[in-house]
Amino acid sequence: MTIEELKQRLEGIRWIDKEISQLYLELQYLETGLFKQTTLTQARVQTSRVNSTENQLVAQLTIKEDITSRIDRLTQDRLELVRIIDKLEIPKYRLALNLYYVQHKLDIEASEIMGISKTTFFRYLRQGQAELVSLLTHAEKEKSHVLARDWIESKLWEHAYTV
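Residues numbered from 1 in each chain as written. Predicted model: local features only at pLDDT ≥ 70, side-chain atom pairs only at ≥ 80, totals over all residues. Heavy atoms only, no water.

A. Region of interest: the overall build of the protein. Within the protein one finds five helices and zero strands. For the protein, the N- to C-terminal ordering of α and β elements is α-α-α-α-α. Counting over 163 residues, the protein shows a buried share of 24%. Summed over all atoms, the accessible surface of the protein reaches about 12,000 Å², with 55% contributed by carbon and sulfur. (Helix = DSSP H or I, 4+ residues; strand = E, 2+ residues; numbered from the N terminus. Buried < 20%, exposed > 50% of the residue type's maximum accessible area, 1.4 Å probe, protein only. Areas by Shrake-Rupley, 256 points an atom, 1.4 Å probe, with all protein chains shown as cover.)

So, in structure tokens, the structure goes:
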């Protein structure tokens, strides 16, 4: 993984947050649209009308479930990206990345929060990104070694049972 690929993944947090926000607005719209008319009237209702109302409610509930599952999936994606940042051992790098990518602070705001200059903030940001790339690259190599070892072991077991 390169630093540019990492930046794209981390900047994805901002887009995930915007998408989650929009999905919550859709849910809010469904909630207000679903219950804005009272159904406690004494008027006679034809059977077909009751069924269509019931079908509408079921359809809206299905949409709400779909939106909720999308929000859950996006939240998990976001948490995975935050966990990547949390893997950093040096707190100042972790804080710089968290403020910039997770909390969406401007560089000037983040540097003020950290009590450092803007230049130092960007240095921490770059160093944190470089360390994260190193950690992720090492983790990917470890994972591929484990997968290769597991594959070899499975082939050896297959061979042992066929002989």
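B. Summary view of the confidence of the model for the protein. Per-chain confidence: the protein averages 84 in pLDDT, with 79% of residues scoring 70 or above. Within the protein, no element has a lower average pLDDT than helix 5 (residues 118-162), which sits at 80, and none a higher one than helix 4 (residues 107-114), at 96. Across residues 35-41, where pLDDT falls below 50, the model places zero contacts with residues more than four positions away in sequence or in other chains. (pLDDT = per-residue confidence, 0-100. Contact = heavy atoms within 4.5 Å.)

C. Layout of the nonpolar core. Residues Leu 10, Leu 97 and Leu 132 are the most contacted members of the largest nonpolar core, which totals 30 residues. Listing elements by their share of this core, those giving two or more residues are helix 1 (3-35), helix 2 (47-86), helix 3 (91-102), helix 4 and helix 5. When residues in this core are grouped by element, the largest group, eight residues, is from helix 1. (Core = buried A, V, L, I, M, F, W, Y, C linked by side-chain atoms within 4.5 Å.)

D. The arrangement of the environment of Leu 95 in detail. Assignment of secondary structure puts Leu 95 in helix 3. For Leu 95, a relative accessible area of 37% translates into the label partly exposed.

E. Quick peek at helix 4. Turning to helix 4, its buried residues are Asp 107, Ala 110, Ser 111 and Met 114. Each buried residue of helix 4 lies within a common arc of 100° when the element is viewed along its axis, so the set occupies one face. Two residues or fewer after helix 4 comes Gly 115, characterised by a positive phi angle close to 75°. (Arc of directions from axis to C-beta.)

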